[in-house]
Amino acid sequence: MNTKKKSSFSGSLGFVLAAAGSAVGVGNIWRFPYLAAKDGGGLFILIYIALVFTFGFTLLVTDVAIGRRTKTNALQAFGVIHPKWKFLGYITFLVPAMIMTYYSVIGGWIAKYLFTYLTMNGQEAAQDGYFTSFITSKAAPIVFMLLFLAVTAFVVYSGVEKGIERFARIVMPGLFLLIIGIAVYSLTLRVEDGNGSVRTGLQGLVVYLIPNFDGVTPSRFLEILLDAMSQIFFSLSVSMGIMITYGSYVKKEVNLGRSLGQIEFFDTFVALLAGLMIIPAVYVFFGTEGMASGPSLMFISLPKVFAEMGAFGMIIGLVFFLMVLFATLTSSVSILETLVANCMDIFHTTRKKTSLVIGVVSAASSVVICMGYNVLYFELTLPNGQTAQLLDVMDYISNSFLMPFISLLTCIFVGWVIKPKWICDEMEASGHKFGRKKLYIVMIRYVVPVMMAVLFLQSAGVFTMLKSLLR
Ligand code: PFF
C-alpha cells in the first residue's frame, strides 16, 4: 500500500463540493429533464428519487469507502483488497480513459456557444444548421476543445486541495445561483401564439411535476425504471473509479455517511432544478413535442428558445452556457484527476509531470474524436438502435456497456467475496453511525446485482434481440 504522504481534501465540505462537482454535469442538464418529460413527469421524478437514495447510495458508498479504506486508486485498490480481483481495477480504469477522449470535445462545444453569446451572436446559434456546421468544421472544434482541456489540466496540475477543491469552492456556488436564477425566470414566462392561445411557465411546471400514468403498462414501467437507473449511475459518477479516487482523499475523521447523503441530495437537487429551468421554457415556446435529449437539446433547441425570448434571451443564453461550462469543467477535472492519480500510483511520477503527459495524450485522442465529424465520419447502428458516430460509440461502450458490467462485478465482489462488513467498518471508522446500514447490506448483496444484470442485458441489446426473435 501507498505509504508516502497522500494529498487530501481539507475537510468534509471540500470533499462534498468536489464530488458534487463531478456528479453535476451535462447528465443533469441535458439528460435528466429529457427523461422526465418523456417518462411521465412526476412519475419519473418519484422513481428517480426513490432510486437515488437506495440504489445510487449503495454504489456511491461502495466506491468512496473502497477509496478511503485502501487510500489508493481503482487500478490498485481491487488488487490490494484481493489479488484475484485486480482485473476489476483494470476494467474500471478503462471507463474514465474512454470518457476523457470525448468529454473535452463536448466541453469545447459548450465553450464555443458561450463565446458565441459573449460576442452577441446568440441569434446565429439559433439558425438551422449552425451546430452541424460547427462540429463538422475542421479547426474550430479542436481549438475550443484544447482551451477547455487546458483549463481542466491546469486545475489538476495545481493539486487536490489547491486546484480541485479550491476550484469547486468557487464554481459550485456560482453554478447553483445561476441555475436558480434561470429556473425562476423560466417559470415567469408567458407566451401568446398566433391563434390567441396562451402558454405559461407555470403550465410547463405542471407538465413536469404531475405524475402521468397514461399508457404505463408493466413493460413501460420497466423501461422507466431502467432509464432512471442508468441515469443515476452516470449522474453520480459511480462505477468508473472517480469516486474511488476522490474517496482516497477523504480524511479518516470525516463522517462519510453524512457527506455522501449531501452529495446525493445536491446532485438530485440540481437535476430537478435543471428540469425546472428547461421544461417550462421549452414548453412555452414549442410545446411538449419540443423536448429533445443530449446535444440536440442543448445546442439546437435551447438556442431557439433563447432567440424566441428576444434581447433578454441573449443574456439568459450567456448565463446558461456559463453555468453549463462550470458544471462540465468540474466533471472533466474529476475524470482527468482519476487518470492522473492512477498513473502516479503506477509510474511513481510527480503530479505536475503526470498531468502534463496525460493532458497531451488526452488532447491527441480528443482530436481524433473531433475528426469523427469530418474526416473520420461514419454511421454505425448501435445495439439500442441509435445511429452513432465516433463520439457516440465511445460513450456507448463506456456508459451503457462497461459501467453496468463494472457495477455488477463490484456488487458480487463486495456483497459475496469480501462481504459488506468490510465497507460498513469503513463507514463507521470515524466513530459515526452508518445510517441506512441494513439497507446497504440488502442492496449490495441482492437488489443491485440483479438490477445491474438487467440493465446490462438491456444496454447490450439482448432484450431488443429477444423481442424481435419472438415476434
Ligand atoms: N456525472 C456527470 C454528469 O452527470 O454529467 C457526468 C460524468 C462525469 C460522467 C464524470 C463521467 C465522468 F467521468
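Above this text sits the structure in question.
All of these numbers come straight from a predicted model, not from anything done at the bench. (Residues numbered from 1 in each chain as written. Predicted model: local features only at pLDDT ≥ 70, side-chain atom pairs only at ≥ 80, totals over all residues. Heavy atoms only, no water.)

Examining the layout of surface pockets
Estimates place the volume of the largest pocket at around 1,600 Å³. If you trace the largest pocket, you find 46 residues lining it, with R31, N384, Q386, Y396 and S400 closest to the centre. Considering each element in turn, the lining of the largest pocket owes the most residues, 8 residues, to helix 11 (residues 218–235). Tallied by class, the residues present in the lining of the largest pocket amount to 25 nonpolar, 14 polar and 7 charged. (1 Å grid on protein atoms, 1.4 Å probe; cavity = no way out; pocket = protein on both sides within 12 Å on 5 of 7 lines; lining within 4 Å. Points joined across faces, edges and corners; volume = space filled by probe spheres on them. Helix = DSSP H or I, 4+ residues; strand = E, 2+ residues; numbered from the N terminus. Nonpolar A, V, L, I, M, F, W, Y, C, P; charged D, E, K, R; others polar.)

Description of the site of the ligand
The environment of the ligand is formed by 15 residues, the closest being A23, G25, G27, F234 and I242. Within the backbone of S235, one N or O atom sits 3.0 Å away from a nitrogen atom of the ligand. One of the side-chain N or O atoms of S237 is found 3.1 Å from a nitrogen atom in the ligand. With the chains in place, 100% of the 330 Å² that the ligand exposes on its own is no longer accessible. When atom positions are compared with the pocket grids, the ligand is found to occupy the largest cavity. Element by element, the count of residues in the shell around the ligand is highest for helix 2 (residues 26–38), at 3 residues. By residue class, the composition of the shell around the ligand is 8 nonpolar, 7 polar and no charged. (Near = heavy atom within 4 Å. Polar contact = N/O pair within 3.5 Å; in protein donor to acceptor, adjacent residues only side chain to side chain. Areas by Shrake-Rupley, 256 points an atom, 1.4 Å probe, with all protein chains shown as cover. Sits in = over half its atoms within 2 Å of the grid points.)

Thoughts on empty space enclosed by the protein
Applying the stated criterion to the full structure yields 2 cavities of 30 Å³ or more. Considered as a void within the structure, the largest cavity measures approximately 140 Å³ in volume. Lining the largest cavity we find 16 residues, and of these S22, Y103, F234, S237 and S331 sit closest to its centre. Secondary structure elements with two or more residues in the lining of the largest cavity: helix 1 (12–23), helix 2, helix 5 (86–118), helix 11 and helix 15 (311–347). The residue inventory of the lining of the largest cavity, partitioned by class, reads 8 nonpolar, 8 polar and no charged. Size it by volume and the second largest cavity reaches roughly 60 Å³. In this structure, the second largest cavity is lined by I182, S186, M277, I278, A281, L302, F306, M309, I316 and F320. Every element with two or more residues in the lining of the second largest cavity is listed here: helix 9 (160–187), helix 13 (256–286), helix 14 (294–308) and helix 15. It is helix 13 that contributes the most residues to the lining of the second largest cavity, 3 residues altogether.

Focus on the packing of aromatic side chains
For the coordinates displayed, the defined rule picks out 36 aromatic pairs. Geometrically, the ring pair formed by F32 and F44 is tilted, given 5.6 Å between the ring centres and 55° between the ring planes. In this pair, F32 is assigned in helix 2 and F44 in helix 3 (residues 42–70), connecting sequence segments 12 residues apart. A centroid spacing of 4.8 Å and a plane angle of 35° characterise the contact between W85 and F413, whose relative ring orientation is tilted. (Phe/Tyr/Trp six-rings, centres within 6.5 Å; stacked < 30°, edge-to-face > 60°.)

Quick look at helix 19 (residues 437–459)
Count 3.6 residues to each turn of an α-helix, and residues three or four apart come out pointing the same way. At M443, helix 19 shows its largest bend, some 55°. Two residues or fewer after helix 19 comes G461, characterised by a positive phi angle close to 85°. (Bend = angle between axes of the 7 residues up to and from the residue.)

With respect to the packing of helix 2 against helix 11
At a minimum axis separation of 11 Å, helix 2 and helix 11 run at an interaxial angle of 170°. In terms of orientation, helix 2 lies roughly antiparallel with respect to helix 11. Along the contact surface, helix 2 presents G27, N28, R31, F32, L35 and K38, while helix 11 presents R220, E223, D227, S230, Q231, F234 and S235. Of the residues contributing to the contact of helix 2 with helix 11, the split by class is 3 nonpolar, 5 polar and 5 charged. (Axes fitted to C-alpha atoms, helices over the stretch in contact; angles between N-to-C directions. Parallel < 35°, antiparallel > 145°, perpendicular 65-115°, else oblique. Contact = heavy atoms within 4.5 Å.)

Section: the packing of helix 9 against helix 15
The N-to-C vectors of helix 9 and helix 15 enclose an angle of 150°; their axes lie 9 Å apart at closest approach. In terms of orientation, helix 9 and helix 15 fall into the roughly antiparallel class. The interaxial crossing formed by helix 9 with helix 15 has left-handed handedness. In contact with V160, I164, F167, V171, M172, G174, L175, L178, I179, I182 and Y185 of helix 9, helix 15 contributes F312, I316, V319, F320, L322, M323, F326, A327, L329, T330, V333 and E337. (Left-handed = near helix turned anticlockwise from the far one by under 90°.)

So, unusual backbone geometry
One non-glycine residue, M120, lies in the positive phi region at around 65°. Although it is not a glycine, S237 sits at a positive phi angle of roughly 55°. A relative accessible area of 5% means that S237 is categorised as buried. (Buried < 20%, exposed > 50% of the residue type's maximum accessible area, 1.4 Å probe, protein only.)

Structural notes on a nonpolar patch on the surface
Together, I412, W416, V417, V442, Y446 and V447 line one region of the surface with nonpolar side chains, adding up to about 490 Å² of accessible area. In this structure, V417 sits in helix 17 (residues 390–418). Note on V417: relative accessible area 33%, which makes it partly exposed. (Patch = residues over 30% accessible without salt bridge, like charges linked within 9 Å, V, L, I, M, F, W, Y side chains within 5 Å. Salt bridge = Lys/Arg side-chain N within 4 Å of Asp/Glu carboxyl O.)

Digging into the state of the cysteines
Applying the stated criterion to the full structure yields 0 disulfides. Sulfur of C411: no disulfide; nearest cysteine sulfur belongs to C424 and is 13 Å away. (Disulfide = S-S within 2.5 Å.)

Observations regarding the pattern of salt bridges
Within the structure shown, the criterion is met by 13 salt bridges. Notably, a salt bridge pairs D128 with K304, separated by 2.7 Å at the nearest N-O pair. In this pair, D128 sits in the loop between helix 6 (122–125) and helix 7 (130–136) while K304 sits in helix 14, placing the two residues 176 residues apart along the sequence. Across the salt bridge formed by K421 and D425, the nearest N and O atoms sit 2.9 Å from each other. Note that K421 and D425 are positioned in helix 18 (residues 421–427) at a spacing of 4 residues, about one turn of the helix. In this structure D425 comes out as partly exposed when scored by relative accessible area, which is 32%. Counted as one network, the salt bridges with shared partners bring together K38, D39, R220, E223 and D227.

Topic: the environment of I180
Looking at where I180 falls in the secondary structure, it is placed in helix 9. Residue I180 is classed as partly exposed on the basis of its relative accessible area of 32%. Spatially, the C-alpha atom of I180 lies 7.0 Å from that of L273, the residues being 93 residues apart in sequence.

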